[in-house]
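Structure at a glance
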Amino acid sequence: MSAHLRLGTRKSLMATTQSQQVADRLTALTGRDVRLVGVTTLGDVSRAHLTQLGGTGVFVNELRANLLAGEIDFAVHSLKDLPTKQDERIALAAIPPRDDPRDALVSAGKLSELPPGARIGTGSPRRVAQLRLLRPDLEYVPIRGNADTRIGKVGSGELDGVVLAAAGLGRIRRDGDISQVFEVDEMLPAPGQGALAVECLADRADLIELLRVIDDPRTRAAVSAERSVLSALEAGCAAPVGAFASGDGHILSLTAAVIAVDGLRSVRKSTSGPLPAAMDLGRELAAAMIAEGAGTLMGEQAH
């Protein structure tokens, strides 16, 4: 084993910041030296919107290719970017404690205070659908680019606000720009939002064991439940599905919703069960949602 471990990361400020946090935590707990290796992904270089790129995997595939080629030892992703179908050659070795899972508005004021017709930027159909439930009289504009670029569009007056993940803004120290954090009953987050995923090769038993020290079982159970809803609904990460689970250490409470893009119709359900049954909980909730018409709402998004 080499003297230092090579941690693959996207090159954006947010990605390198969260990867460095993982590296520092691992070094603190194990004494192992970790060095970041920057990797450019399709999601970073393409100007197309995520829905056009096929959504799932655009920020992940090149990092996984580097893992498989032996160019890096492990990789850090935003968990919500991971495809729901796991690659058998790759292990999800650790999910560190989750940061704030909620969505946040960067604007001059709260959503309720914006004038009719105000322009809000977001690249997420899930956010647009739920924002339309709250404020159908606003204009929602698809945007790409890193957080600094998006926030800059508010400062320049091009947009009246942007909606981003609160966790990401906190990681790059832009949480002072937040004018409102949406509670989960107002806007359900993306499955896995606020959590990180640490991957390595499935045949590296030594590395899987090492990385386990930064894994948080409670976060893993919660995001497993959320992602099993998404998987059972057969939706990619750009589909209008929100899900959030939280637990007290024994019982997990899970809420999920599928919202029509126009914000007029939705199927929302909640359930709870024991922490070890997180995956089953998600699948059962998805089945109940499909029985109430979630599948037809999702089918309409493709047209």
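Now for a quick tour of the structure. (Residues numbered from 1 in each chain as written. Predicted model: local features only at pLDDT ≥ 70, side-chain atom pairs only at ≥ 80, totals over all residues. Heavy atoms only, no water.)

A look at the overall build of the protein chain
How we decide: Note on conventions: DSSP H or I runs of at least 4 residues are helices, E runs of at least 2 residues are strands, and numbering of each starts at the N terminus. Throughout, radius of gyration means the C-alpha value; the globule benchmark is 2.2 Å times the number of residues raised to the power 0.38. Exposed residues in this analysis have more than 50% of their type's maximum accessible area, buried residues have under 20%, and partly exposed residues fall in between, with area computed by a 1.4 Å probe over protein chains only. Pairs of residues are marked as contacts when any of their non-hydrogen atoms sit within 4.5 Å.
From N to C terminus, the protein chain includes 11 helices and 13 strands. Against the 2.2 N^0.38 benchmark of 19 Å for 303 residues, the protein chain shows a C-alpha radius of gyration of 19 Å, consistent with a compact globule. Here the C-alpha coordinates of the protein chain stretch approximately 60 × 45 × 35 Å along the principal axes. The proportion of buried residues among the 303 residues of the protein chain is 51%. Across the protein chain, contacts joining residues at least 24 apart in sequence account for 70% of those joining residues at least 6 apart.

Overview of the pairing of strand β1 (residues 4–10)
Under the convention used in this document: By the criterion used throughout, a crossover qualifies as right-handed when its path from the first strand across the helix to the second strand runs clockwise, the strands pointing away from the viewer. When DSSP finds at least two bridges between two strands, those strands are taken to pair.
Of all 7 residues making up β1, 5 are buried, and the element is well covered by its neighbours. In this fold, the crossover linking β1 to strand β2 (residues 33–39) by way of helix α1 (residues 13–30) has right-handed handedness. Bridge count between β1 and strand β3 (residues 74–78): 2 bridges; the pairing is parallel. Bridging from a neighbouring strand, L7 pairs with F74 of β3.

Re unusual backbone geometry
For residues besides glycine, phi is generally negative; the peptide bonds are generally trans as well. Although it is not a glycine, R173 adopts a positive phi angle of roughly 60 degrees. Here R173 falls in the exposed class, since its relative accessible area comes to 75%.

Concerning empty space enclosed by the protein
The condition is simple: The pocket and cavity definitions rest on a 1 Å grid over protein atoms only: a 1.4 Å probe that fits but cannot leave marks a cavity, an open set with protein on both sides within 12 Å along at least five of seven lines marks a pocket, and residues lining either have an atom within 4 Å of a point. Grid points are joined across faces, edges and corners, and a volume is the space filled by probe spheres set on the points. Only Asp, Glu, Lys and Arg are considered charged in this grouping, and only Ala, Val, Leu, Ile, Met, Phe, Trp, Tyr, Cys and Pro are considered nonpolar; every other residue, Gly among them, is considered polar.
In total, this model carries 1 cavity of 30 Å³ or more according to the counting rule given. Counted as a void, the largest cavity has a volume near 70 Å³. Surrounding the largest cavity, T9, R10, A15, Q18, S19, F59, V60, L63, V76, H77, S78 and D81 form its lining. Going through the elements one at a time, β1, α1 and β3 are the ones with two or more residues in the lining of the largest cavity. In terms of residue class, the lining of the largest cavity is built from 5 nonpolar, 5 polar and 2 charged.

Topic: the nonpolar core
Applied cut-off: We define a nonpolar core as any set of buried Ala, Val, Leu, Ile, Met, Phe, Trp, Tyr and Cys residues linked to one another through side-chain atoms lying within 4.5 Å.
Within the largest apolar cluster, 24 residues are counted, with the highest numbers of intra-cluster contacts made by V229, L233, L252, L254, V258 and M289. Of all the elements in the fold, those that place two or more residues in this core are α9 (217–232), β11 (241–247), β12 (251–259), α10 (278–291) and α11 (294–301). In this view, M289 contacts V229, L233, A256, A257, V258, V267, K269 and A294; residues no more than four positions away in its chain are not counted.

Overview of helix α4 (residues 61–68)
Condition: Arc, as used here, means the arc of the directions from the helix axis to the C-beta atoms.
Among the residues of α4, those classed as buried are L63, R64, N66 and L67. For α4, the buried positions fall inside an angular range of 155 degrees around the axis, keeping them on one side. The inward-facing, buried residues of α4 abut β1, β2, β3, β4 (90–94) and β10 (196–201). Once α4 finishes, G70 follows within two positions and takes phi at roughly 80 degrees, a positive value.

Some thoughts on the environment of M289
Considering the arrangement of structural elements, one finds M289 in helix α10. Judged by relative accessible area, which is 0%, M289 ranks as buried. Taking the C-alpha atoms as reference, M289 lies 7.2 Å from R268; in sequence the two are 21 residues apart.

Let's talk about the layout of surface pockets
Counted as a void, the second largest pocket has a volume near 270 Å³. Together, 14 residues line the second largest pocket, and T84, S224, R227, S228 and M279 are the ones closest to its centre. The set of elements that each furnish at least two residues to the lining of the second largest pocket consists of α9 and α10. The element best represented in the lining of the second largest pocket is α9, accounting for 7 residues. Looking at side-chain class alone, the lining of the second largest pocket contains 6 nonpolar, 5 polar and 3 charged residues.

Structural notes on the sheet that holds β12
Going by this rule: Only the stretch in contact is used when a helix axis is fitted, and all axes are lines through C-alpha atoms; the angle between N-to-C directions ranges over 0 to 180 degrees.
With respect to topology, 3 strands assemble into an open sheet ordered β11-β12-β13, the strand pairing being antiparallel. On the outer flanks of this sheet lie β11 and β13 (266–274), each paired with one strand and no other. Sheet twist, expressed as the average angle between the axes of neighbouring strands with direction ignored, equals 10 degrees. Inspection of the sheet shows β11 paired to β12 by 7 bridges, in the antiparallel sense. Each bridged residue has a counterpart across the sheet, and for A245 the counterpart in β12 is L254.

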